Amino acid sequence: MKWIGVVDTMFARVDMGAIVIETLAAKPDRGRTFDLVRRTVPGFKNLAVEAQHLIQSHGCAIVVVLGMPGPEAIDELCAHEACLGIMAAQLATATHILDVFVHEAEAGGDDQRLAAICRDRCAKHALNAYDMLFAPESLTARAGQGIRQGAEDAGAIDVAA
Amino acid sequence: MKWIGVVDTMFARVDMGAIVIETLAAKPDRGRTFDLVRRTVPGFKNLAVEAQHLIQSHGCAIVVVLGMPGPEAIDELCAHEACLGIMAAQLATATHILDVFVHEAEAGGDDQRLAAICRDRCAKHALNAYDMLFAPESLTARAGQGIRQGAEDAGAIDVAA
Amino acid sequence: MKWIGVVDTMFARVDMGAIVIETLAAKPDRGRTFDLVRRTVPGFKNLAVEAQHLIQSHGCAIVVVLGMPGPEAIDELCAHEACLGIMAAQLATATHILDVFVHEAEAGGDDQRLAAICRDRCAKHALNAYDMLFAPESLTARAGQGIRQGAEDAGAIDVAA
Amino acid sequence: MKWIGVVDTMFARVDMGAIVIETLAAKPDRGRTFDLVRRTVPGFKNLAVEAQHLIQSHGCAIVVVLGMPGPEAIDELCAHEACLGIMAAQLATATHILDVFVHEAEAGGDDQRLAAICRDRCAKHALNAYDMLFAPESLTARAGQGIRQGAEDAGAIDVAA
Amino acid sequence: MKWIGVVDTMFARVDMGAIVIETLAAKPDRGRTFDLVRRTVPGFKNLAVEAQHLIQSHGCAIVVVLGMPGPEAIDELCAHEACLGIMAAQLATATHILDVFVHEAEAGGDDQRLAAICRDRCAKHALNAYDMLFAPESLTARAGQGIRQGAEDAGAIDVAA
């Protein structure tokens, strides 16, 4: 059985971890081929080391980390630092970590829209994590097709023959 | 017994380390389940390696590092470098380091407001460090609730059912 | 026999991996001196660790990674993070990884132009990867000549004697 | 006996290394409890690896590195890269490196002012390095007091009781 | 005998590697106390790992890496990534790598001026590399004197006594 880790924050204004867990808990093979472990940290700057810990100590095969940067410039800079840490944690563990960030600024102050982006992006990346473990060839089948999370797919460019 | 490290700077204009120590010293289990060790460095660019040292040589289970960037653009860039170092130190030690920065610019030149932000942010992150060691499930209970340090909680988005 | 790895994304709107594979599959020594292995990840932030994995676990001698950042500022910042990860993966593996990014903004909204840039850049870098493995002296023969991928060569400056 | 390393550049327009050495040579215990070793590199992007070398091969317990970025935007970006390297060198060696940069832009084109900033900042950080080795508790005694190098101390905020 | 590595790119519009090699080949002790090894990569993002390889596998004691960023903002960002990689490669190998970049924007579109900057900067840094290996004390003798490559020396500030 493989472990999928989920790490989210108290800072986010939507329970992003719950969305990932609900999405994956609906998989019929949950508890047989994979199971879930969840951790919460104060803010997104602690996501990287917590993901690293889930991989190194708990044996997770992949981790989904979830953050919601606030609207200020300093929030974006901190998110950049957090993402560089998540990148480094991937290389240090030789394991995929999917960083799923929903920026408050994406929703233009509309809370329901912000929640909708969260639901879409978190759920789709939860399924991506599953596919990366159990059906990697399904990702190649969708290569270059403008697949999006948190928005409608952009679609592949129809190249004139 | 676990050690909680506290590192602050001479550069800051508020004794941020004292706030963390006072907050945690008030815990009844201090000296039994945990104790505190404090170090001070000149400026925030030495926080990362000092935290790393407290973890690797002193055995700290978590470290709270405290900095106060000045208002100039170069101060912000240096703070960004310091934060990337703190991120790297977390991964190098596989240990959480809470970076608690209060930017002079946050207070708009109002010293009392700057001190108030320091008190709130340092005290709340001190408690976060404690909870991360001794009550990690309490963080998950607060996941996605817009918890803030140095400001009132933003609160969870009330998602329409 | 040497392995050339190819990693692309579902996010891109052109099947960049296919271009690399078609280009290299046309080499007469494919299957004898080298062969190809392809992986697809959701977005470009997972390129670095996948390339690292192809090198460390699959034995790739070089990897071509392919991404297409969207037009927003946050897309560019994420691409920057992805590229820093790819840089770090090169050093961690002591192996060349060619990062081939085509930015949507390069084409000014013209999809056919975007696809044309992809074809040119991906094909040329595929050949670069081959030459780096099997004909490194051919690169030195072209040193300082303003060679470009995704555009016409800029050419060497004709230095007045 | 402990070694304090000093690394400066040919690029700087003030002999910053000499200031550090003069300041520390005046200590009565020089040659007994500590001694100095100096290296010079072309520009600040070689400070990090030279400091690392002084620590790993020469046994330095701390290193002071000195740079003077020019006034152009590219100079500032290079300085940022240099500082990230110095940060990484600290973590790689688990040793403090004090990065002492004086930016030409700080002096607004006034050379005498630039030299004065250098004298103040280099001398104070030289003493900080000494104190970090031999009197670390003296830094904690000055925590949160707005201590500056290259300028007058900003001072602690007088918090209303 | 020590090896000096030289790595340049096909992207640059001037044969920067040739300038370094001509400069050092003129040294009378070439072939006795040192010799040169040259590699070429497609663009500057592969300089770092190639330099690392020359150090780790070929035994180079120092490497000069040469790049010419184009005039677009994305070129500058890529150069920044390349330079961070070169910085990391220095620390990973504990060896100096001199990064010699000539930005097209420095010459304001004047090709002859661009070539002249290349000649001056590449030749001077070639000599720096030599001096770092064989006459390090000569660098300290020039510390703080505003030494430049690719421009006239800025000179030391004449500090009023």
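Our subject is the structure listed above.
Just so it is clear, the model here is predicted, and its values are computed rather than measured.

What about the relation of the copies chain E and chain C?
With an RMSD of 0.0 Å, chain E superimposes on chain C once it is rotated by 72° and translated 0.0 Å along the axis. Between the two chains, the operation in question is that of a five-fold axis. Looking at the interface residues of chain E, only 6% of them are also at the interface in chain C, so each copy uses its own face.

Observations regarding the interface of chain A and chain B
Taken together, the contact pairs 35 residues of chain A with 33 residues of chain B. Buried area between chain A and chain B, summed over both chains or domains, comes out near 2,600 Å², and the portion from carbon and sulfur atoms is 62%. It is Met 10, Arg 13 and Lys 45 of chain A in chain A that bury the most area against chain B; as a group they hold 26% of the surface buried on that side. Taken together, chain A and chain B are joined by 2 salt bridges. The closest approach of N and O atoms between Asp 99 of chain B and Lys 45 of chain A, which form a salt bridge, is 3.1 Å. Taken together, the links from chain A to chain B amount to 19 residue pairs in polar contact (both at pLDDT 80 or more). Counting residues per element, the side of chain A that touches chain B draws most heavily on helix 3 (residues 73-93) of chain A, at 9 residues. Its residues assigned to classes, the side of chain A that touches chain B shows 16 nonpolar, 8 polar and 11 charged.

Some words on the packing of aromatic side chains
Tallied over the full model, the rule gives 25 aromatic pairs over all chains. Look at Tyr 130 of chain C and Phe 134 of chain C: their rings are 4.9 Å apart centre to centre, the planes differ by 50°, and that puts the pair in the tilted class. One end of the pair, Tyr 130 of chain C, and the other, Phe 134 of chain C, are both in helix 4 (residues 111-134), 4 residues apart, so they sit about a helical turn from each other. With a relative accessible area of 30%, Phe 134 of chain C lands in the partly exposed category. Between Phe 44 of chain E and Phe 101 of chain E, the ring centres sit 5.7 Å apart and the planes meet at 35°, which makes this aromatic pair tilted. In this pair, Phe 44 of chain E sits in the loop between strand 2 (34-41) and helix 2 (47-56) while Phe 101 of chain E sits in strand 4 (residues 97-101), placing the two residues 57 residues apart along the sequence. Accessibility assignment for this pair places Phe 44 of chain E and Phe 101 of chain E in one class, buried. Here a set of aromatic residues connected by ring pairs shows up, and it is made of Phe 11, Phe 44 and Phe 101 of chain A. The aromatic ring of Tyr 130 of chain C is capped on one face by Lys 27 of chain C, whose charged end is 3.9 Å from the ring centroid. The ring centre of Phe 11 of chain B lies 3.4 Å from the NZ or CZ of Arg 148 of chain D, which sits over that ring.

Calculation criteria
- Residues numbered from 1 in each chain as written.
- Chains lettered and ligands numbered in written order.
- Predicted model: local features only at pLDDT ≥ 70, side-chain atom pairs only at ≥ 80, totals over all residues.
- Heavy atoms only, no water.
- Least-squares fit on C-alpha atoms with pLDDT ≥ 70 in both.
- Contact = heavy atoms within 4.5 Å.
- Buried area = accessible area lost by both parts, 1.4 Å probe.
- Salt bridge = Lys/Arg side-chain N within 4 Å of Asp/Glu carboxyl O.
- Polar contact = N/O pair within 3.5 Å; in protein donor to acceptor, adjacent residues only side chain to side chain.
- Helix = DSSP H or I, 4+ residues; strand = E, 2+ residues; numbered from the N terminus.
- Nonpolar A, V, L, I, M, F, W, Y, C, P; charged D, E, K, R; others polar.
- Phe/Tyr/Trp six-rings, centres within 6.5 Å; stacked < 30°, edge-to-face > 60°.
- Buried < 20%, exposed > 50% of the residue type's maximum accessible area, 1.4 Å probe, protein only.
- Lys NZ or Arg CZ within 6 Å of the ring centre and 35° of its normal.

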